[in-house]
Amino acid sequence: MMQDSRSIVVLTGAGISAESGIATFRGPGGLWEGHRVEDVCTPEALAHDPELVHRFYDARRAALARVEPNAAHHALARLDAEWGGDLLIVTQNVDDLHERAGAKRLLHMHGELQSALCAACGAHMRWLGAMPPGSACPACGAAALRPDIVFFGEMPYAMDTIERALGTADLFVSIGTSGAVYPAAGFVQGARHAGARTLELNLERSAGSAFFHETRLGAAGSLVPHWVDAMLAG
Ligand code: OAD
């Protein structure tokens, strides 16, 4: 079955970066690096406490310098380099570990820590350092730069491209995501409805586990290289 899967869509979540030392969102206690997600990841939070939201993302951005891609990121990059069929890696993660491992056929549907978005003109730009509230946009001059993160209630990026890929996928693989946040949580149903085989690789069963044809439980750092080896062996 697997070797007939020419067109693959992979969805990744925080679990794939856990072994690199980046905290997942819904760990013990339900806090993300000490904060409730709604206090740092909503348009309302940005409007009411821009200092907190900017400081929070500045810290997440700075922390990228202290982490490295793990075996799961490297395995997906190898799949990207060697897989002759269609492949789209859709990540919900805002870290840069997939691209540092070498993945190219990659979309960040929830934005990127190392990107800024101008709330005034909509320009996106690479941003590596701290971003004090009121930073000026190099494109339009407005003091309106914000982290280029898709907050709750905002539309994820590249949904047209993702929906198209799900509609023609032979295989959909979900890695390290709890299935708690839509629309990503619904991708499995979309892909399955369109005829794809669906596989979940996760430490524990996700909220939508029942929608997958197959679930393999374990750490991404061992499950993903094993799966990629099998795919490339054909
Ligand atoms: P979660 O923190 O909700 O879920 C992470 C999943 O990874 C859980 O199911 C864990 O069991 C699993 N996991 C943990 N360690 C793992 C490991 N070593 N190997 C494999 N799996 C492991 O993170 P996401 O599902 O990514 O949105 O969260 C989705 C979105 O919610 C995020 O993109 C973020 C957040 O709000 C934005 O920031 C816009």
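This is a predicted model, so every value here is computed, not measured.

Asker: Explanation requested: the overall build of the protein in the structure shown.
Answerer: A count of helices and strands for the protein gives nine helices and nine strands. Scaling as 2.2 N^0.38, a compact globule of 234 residues should have a C-alpha radius of gyration of about 17 Å, and the protein matches this with 18 Å. Each principal axis of the C-alpha atoms in the protein carries an extent, and together these give about 55 × 35 × 30 Å. For the protein, with 234 residues in total, the buried portion stands at 52%. The contacts in the protein between residues at least 6 apart in sequence include a share of 64% that link residues at least 24 apart. Counting every atom, the protein has about 10600 Å² of accessible surface; 54% of that belongs to carbon and sulfur. Taking the 18 positively charged and 26 negatively charged side chains of the protein as two groups, their mean positions are separated by 2 Å.

Asker: I would appreciate a short explanation of the sheet that holds strand β7 (residues 171–175) in the present structure.
Answerer: As a general point, the strands of a sheet are linked pairwise by backbone hydrogen bonds and lie either parallel or antiparallel. Strand order in the open sheet formed by six strands is β3-β2-β1-β7-β8-β9, and the pairing between neighbours is parallel. Since the sheet does not close on itself, it has two edges, and those belong to β3 (106–108) and β9 (214–217), each with one partner. Within this sheet the neighbouring strands show an average axis-to-axis angle of 15°, counted without direction. Examined bridge by bridge, strand β8 (residues 197–202) and β9 share four bridges and lie parallel to one another. In the sheet register, L201 faces β9, and the bridge partner there is R216. Its contacts with the sheet place helix α5 (residues 71–82) against β1 (8–12), β2 (87–91) and β7, and it is angled at close to 150° to β2.

Asker: What is the right way to look at the nonpolar core in this model?
Answerer: In a soluble, globular protein the nonpolar side chains are often hidden away together inside. Formed by 23 residues in total, the largest nonpolar core has its most connected members in V10, L76, I175, V224 and W227. For this core, the elements supplying multiple residues, two or more each, are β1, α5, β2, β7, β8 and α9 (220–233). The biggest single contributor to this core is α9, with six residues. Setting aside anything within four residues of it in sequence, one finds I175 in contact with V10, L11, T12, G13, I16, L76, L201, N202, A220 and V224.

Asker: For this particular structure, what's the right way to read the site of the ligand?
Answerer: The environment of the ligand is formed by 23 residues, the closest being A14, F25, R26, T177 and S178. Taking A14, its main chain carries an N or O atom lying 2.8 Å from an oxygen atom of the ligand. Taking H110, its side chain carries an N or O atom lying 2.8 Å from an oxygen atom of the ligand. For the ligand, the accessible surface in isolation is 800 Å², of which the surrounding protein chains cover 94%. Grouping the amino acids of the shell around the ligand by side-chain chemistry returns 10 nonpolar, 10 polar and three charged.

Asker: I tried to follow unusual backbone geometry on my own but got confused; where do I start?
Answerer: P183 follows Y182 through a cis peptide bond whose omega is 5°. For P183, the location among the structural elements is in the loop between β7 and α8 (187–193). Of note in this structure, A158 is not a glycine but carries a positive phi near 60°. Of note, A158 is situated in the loop between β6 (145–149) and α7 (159–168). Taking relative accessible area as the criterion, A158 reaches 31% and is therefore assigned partly exposed.

Asker: Whenever I open this one, helix α4 (residues 50–63) confuses me. Can you help?
Answerer: Residues spaced three or four apart along an α-helix point in a common direction, a consequence of the helix completing one turn every 3.6 residues. With 14 residues, α4 extends 20 Å between its outermost C-alpha atoms, agreeing within 8% with the 20 Å of an ideal straight helix rising 1.5 Å per residue. Turning to α4, its buried residues number three or more, namely L52, V53, H54, F56, Y57, D58, R60, R61 and A63. The secondary structure elements touched by the buried residues of α4 are α2 (37–40), α3 (43–48), β4 (111–118) and β6.

Asker: How should the packing of α5 against α9 be read in this particular structure?
Answerer: The relative placement of two packed helices is expressed as an angle between their axes plus a distance between the axes. Remark: α5 packs on α9, axes separated minimally by 7 Å, with the N-to-C direction vectors making an angle of 20°. Comparing their axes, α9 and α5 come out roughly parallel. Two packed elements cross with a definite hand, and for α5 against α9 that hand is left-handed. Only A220, G221, V224, P225, W227, V228, D229, M231 and L232 of α9 make contact with α5, whose side of the interface consists of A71, A72, A75, L76, R78, L79 and E82.

Asker: Even after reading the chapter, I still don't get the UniProt feature "active site" (unreviewed entry) in the protein, so can you show me in this structure?
Answerer: The sites that UniProt annotates as "active site" (unreviewed entry) are H110. Note that H110 resides in the loop between β3 and β4. If we ignore the near neighbours within four places in the chain, the residues touching H110 are T91, Q92, V94, D148, I149, V150, P156 and V181. Among the polar contacts listed, one links the side chain of H110 to the backbone oxygen of Q92, at a separation of 3.4 Å.

Basis of the calculations
- Residues numbered from 1 in each chain as written.
- Predicted model: local features only at pLDDT ≥ 70, side-chain atom pairs only at ≥ 80, totals over all residues.
- Heavy atoms only, no water.
- Helix = DSSP H or I, 4+ residues; strand = E, 2+ residues; numbered from the N terminus.
- Rg over C-alpha atoms; globule rule 2.2 N^0.38 Å.
- Buried < 20%, exposed > 50% of the residue type's maximum accessible area, 1.4 Å probe, protein only.
- Contact = heavy atoms within 4.5 Å.
- Areas by Shrake-Rupley, 256 points an atom, 1.4 Å probe, with all protein chains shown as cover.
- Lys, Arg positive; Asp, Glu negative; His and termini not counted.
- Charge placed at Lys NZ, Arg CZ, Asp CG, Glu CD.
- Pairing = 2+ DSSP bridges.
- Axes fitted to C-alpha atoms, helices over the stretch in contact; angles between N-to-C directions.
- Core = buried A, V, L, I, M, F, W, Y, C linked by side-chain atoms within 4.5 Å.
- Near = heavy atom within 4 Å.
- Polar contact = N/O pair within 3.5 Å; in protein donor to acceptor, adjacent residues only side chain to side chain.
- Nonpolar A, V, L, I, M, F, W, Y, C, P; charged D, E, K, R; others polar.
- Expected span 1.5 Å × (residues − 1).
- Parallel < 35°, antiparallel > 145°, perpendicular 65-115°, else oblique.
- Left-handed = near helix turned anticlockwise from the far one by under 90°.
- UniProt positions renumbered as here; feature names shortened; annotations may be inferred.

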